[in-house]
Protein chains: 2
Amino acid sequence: MAPPDTRTQILDAAERLFAERGFRGASVRAITDLARANLAAVGYHFGSKAELLAAVVRRVIEPINAAQCARLDRLLARTPDPPVTELVEAFAGPLFDEMLAGDEGGARTSRLIMRIIGDPAEEMRDWTGSAEDTVRDRYLAAFGRALPGLSPEELWFRMRGILAVAAVDRVEVYNRRSPACLSPVAGEAARHWAITFLAAAMSAPPTGT
Amino acid sequence: MAPPDTRTQILDAAERLFAERGFRGASVRAITDLARANLAAVGYHFGSKAELLAAVVRRVIEPINAAQCARLDRLLARTPDPPVTELVEAFAGPLFDEMLAGDEGGARTSRLIMRIIGDPAEEMRDWTGSAEDTVRDRYLAAFGRALPGLSPEELWFRMRGILAVAAVDRVEVYNRRSPACLSPVAGEAARHWAITFLAAAMSAPPTGT
DNA sequence: CCCGCTTTCATACGTTCGTTTGAATCAAAC
DNA sequence: GTTTGATTCAAACGAACGTATGAAAGCGGG
């Protein structure tokens, strides 16, 4: 099981191609070619392309969610009302951690998150995910205590902003169309920049409406 | 030419379907069906599906860019160094203005911007756009004066954040997976929330790295 | 009426897609 | 050595796709 394990190789190839090309853009043939597996292996090991996607997404999301959860636990063990900056760090940090752990300096996971958010294919939303909802609700509650006066709707609006900024990092379109003079952003710098940016954004006073 | 104008009807249908389903997900057949036109009409009026997309994107982007440019001119006519909040308002405001003008309360344009940012299809990046680069560079310069001490790279990182937050608004995935209790956000409120959120984010002190 | 030009239409072509199938291969148990 | 179950393989299926084609239809000016 150690070296080749067709199933894992397909998962790896699919993660990469789904991230790069989206659900519709990554054909089963391209995935099995990259995985050096047979075309029918996807059907055999996963049932269908949609179920393969779900397996890929779960494998990527789970450690991120676990880390977000653990860091929130650690924060709450220290004080029941952590400051906004630390909440942002705990929530957004794991997104960048996992991103940086990937083979290509994290671009792959970041792009995959972008796909999860933005891919129009219906199949991108079928990976259940009650655990994700739980974590999200816990952070919503914690942010709510740290930012009294913010309506639940505006709070949720701001949390979507966190995900958007984290996901949009390293997305190709931007880098392709970025001002020519700028060098690509190193992963660690992007992490700090994002935390700074988002902590300030989350801490903004309530709009009022 | 007034009522039916096949070309315009195709543009409208394509704008809607590209926004909803992405480039690959919106088939030429679905577009011409929605437009009540013949399948071959796309080839006749636009040449190819990719050129149809370019025409759609240009039609959506141009007024936004013009508005961003005009508002920056107005700002600079008043003072050579406008404050960050007004720059954010001038840059992000038109995104929401145009979004709100659409038929479905703006969701369509917002989603299309999201596609422009996130769609993995290569064709999504072929709509030239030197005018867009000009506007972007002008805002980069203005933000640079308003935020001395920020490196050009971090400045560009933050401007991408503006686009990300504006685009992610009303994207279906989020609303589908949003906490059940929350009602959907009204367009005007989202605009204020985003400006507040982004003005605070842009005004954050330099990270330093 | 008829002409030239634009536009619409039905149809077909070749490709690529996801999925299925049934035989071949492999590895361990007996 | 044979059997059994799991895995891999080449091949094929029908469906959907983007595009091209040539005839039909509309239509204002001679």
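About the cut-offs
- Along each chain, the written sequence defines residue order, and numbers are assigned to residues from 1.
- The naming scheme follows written order: chains are lettered A onward, ligands numbered 1 onward.
- Local features in this predicted model are restricted to residues whose pLDDT is 70 or higher, and side-chain atom pairs enter the listing and the counts only when it is 80 or higher, whereas totals over whole chains, interfaces and linings include all residues.
- The way it works is that DSSP assigns letters per residue, a run of H or I at least four long becomes a helix, a run of E at least two long becomes a strand, and they are numbered from the N terminus.
- For the exposure call, what matters is how many other C-beta atoms sit within 10 Å of a residue's own: 20 or more marks it buried, 12 or fewer exposed, and in between partly exposed, using C-beta atoms placed from the backbone.
- Each residue is represented by a C-beta atom placed from its backbone, and any two residues with such atoms within 7 Å are regarded as in contact.
- A molecule or strand has a residue near it when that residue's C-beta atom, placed from backbone coordinates, lies within 6 Å of it.
- Side-chain classes are defined by residue name, with Ala, Val, Leu, Ile, Met, Phe, Trp, Tyr, Cys and Pro counting as nonpolar, Asp, Glu, Lys and Arg as charged, and the others, Gly among them, as polar.
- Superposing the copies works by least squares over the C-alpha atoms of residues that have pLDDT at least 70 in both of them.
- A residue's pLDDT is the predictor's confidence in that residue, given on a scale from 0 to 100.
- For this entry, the nonpolar core is defined as buried Ala, Val, Leu, Ile, Met, Phe, Trp, Tyr and Cys residues connected by C-beta atoms within 7 Å.
- Expected helix span is taken as 1.5 Å per residue step, with the number of steps being one fewer than the number of residues.
- Across the chain, bend at a residue is computed as the angle between axes fitted to the seven residues ending at that point and the seven starting from it.
- Between N-to-C directions, angles span 0 to 180 degrees; the directions come from axes that are lines fitted to C-alpha atoms, helices contributing only their stretch in contact.
- Should an angle fall under 35 degrees it is called roughly parallel, over 145 degrees roughly antiparallel, and 65 to 115 degrees roughly perpendicular, with every other angle called oblique.
- Each crossing gets its hand from how the near helix is turned against the far one by less than a right angle, where anticlockwise is left-handed and clockwise is right-handed.

Our focus in this paragraph is the overall build of chain A. Summing up its helical and strand segments, chain A has 10 helices and zero strands in all. Mapped from its N terminus to its C terminus, chain A presents α and β elements in the order α-α-α-α-α-α-α-α-α-α. For chain A, with 209 residues in total, the buried portion stands at 43%. Put simply, of all contacts in chain A between residues at least 6 apart along the chain, 69% involve residues at least 24 apart.

In the neighbourhood of DNA strand C, 16 residues make up the surrounding shell, with A:Ser27, A:Gly43, A:Ser48, A:Lys49 and B:Thr6 lying closest. Where the surface near DNA strand C is concerned, the elements lending two or more residues are α2 (28–34) and α4 (49–78) of chain A together with α3 (41–46) of chain B. Class assignment of the residues belonging to the surface near DNA strand C gives a composition of nine nonpolar, five polar and two charged.

With that out of the way, let us pick up the relation of the copies chain A and chain B. Mapping chain A onto chain B calls for a screw motion: a turn of 180° about the axis and a shift of 0.0 Å along it, with 0.0 Å RMSD after fitting. On the angle and the small slide along the axis, the relation comes out as a two-fold axis. No C-alpha of chain A approaches the rotation axis more nearly than that of A:Ala201, which lies at 2.1 Å. Comparing interface residues between copies, 100% of those in chain A also lie at the interface in chain B; the contact surface is shared.

Overall, the predicted model of chain A reaches an average pLDDT of 86, with 83% of residues at or above 70. Across chain A, α2(A) holds the top mean pLDDT of 98, while helix α9 (residues 172–176) of chain A sits lowest at 52.

With that out of the way, let us pick up the interface of chain A and chain B. At the interface, 45 residues of chain A touch 45 residues of chain B. For the side of chain A that touches chain B, the elements supplying multiple residues, two or more each, are α1 (6–25), α6 (107–118), α7 (130–146), α8 (152–168), α9 and α10 (187–202) of chain A. Per-element tally for the side of chain A that touches chain B: the top contributor is α8(A), with 11 residues. A class-by-class count of the residues in the side of chain A that touches chain B yields 25 nonpolar, 10 polar and 10 charged.

Here we come to the nonpolar core. Grouped together as the largest cluster of nonpolar side chains are 120 residues, with contacts concentrated most on A:Leu198 and B:Leu198. For B:Leu198, the contacting residues outside a window of four places in its chain are A:Ala201, B:Val88, B:Ala92, B:Ile162 and B:Val165.

Bringing the protein's contact with DNA strand D into the picture now. The immediate surroundings of DNA strand D are formed by 16 residues, with A:Thr6, A:Asn38, B:Ser27, B:Ser48 and B:Lys49 found nearest. Broken down by secondary-structure element, the contributors of at least two residues to the surface near DNA strand D are α3 (41–46) of chain A together with α2 (28–34) and α4 (49–78) of chain B.

Our next topic: α4(B). All names here are of chain B. The end-to-end C-alpha distance of α4, which contains 30 residues, comes to 44 Å, matching closely the 44 Å that a straight helix rising 1.5 Å per residue would cover. Maximum bend of α4: about 30°, positioned at Ile61, with proline Pro63 one to four residues after it. For α4, the full list of buried residues reads Leu52, Leu53, Ala54, Val56, Val57, Val60, Ile64, Gln68 and Leu72.

All names here are of chain A. The N-to-C vectors of α4 and α7 enclose an angle of 30°; their axes lie 10 Å apart at closest approach. One element, α4, and the other, α7, form an angle in the roughly parallel class. As for the relative orientation of α4 and α7, their crossing is left-handed in sense. Residue-level contacts link Ile61, Asn65, Gln68, Cys69 and Leu72 of α4 to Ala131, Glu132, Val135, Arg138, Tyr139 and Ala142 of α7. Of the residues in the contact of α4 with α7, the class split is seven nonpolar, two polar and two charged.

In this section: unusual backbone geometry. Comment: phi is negative for the bulk of residues other than glycine, and the bulk of peptide bonds are trans. The phi angle at A:Arg36 is positive, at roughly 55°, despite the residue not being glycine. The class for A:Arg36 is exposed, based on 11 C-beta atoms found within 10 Å.

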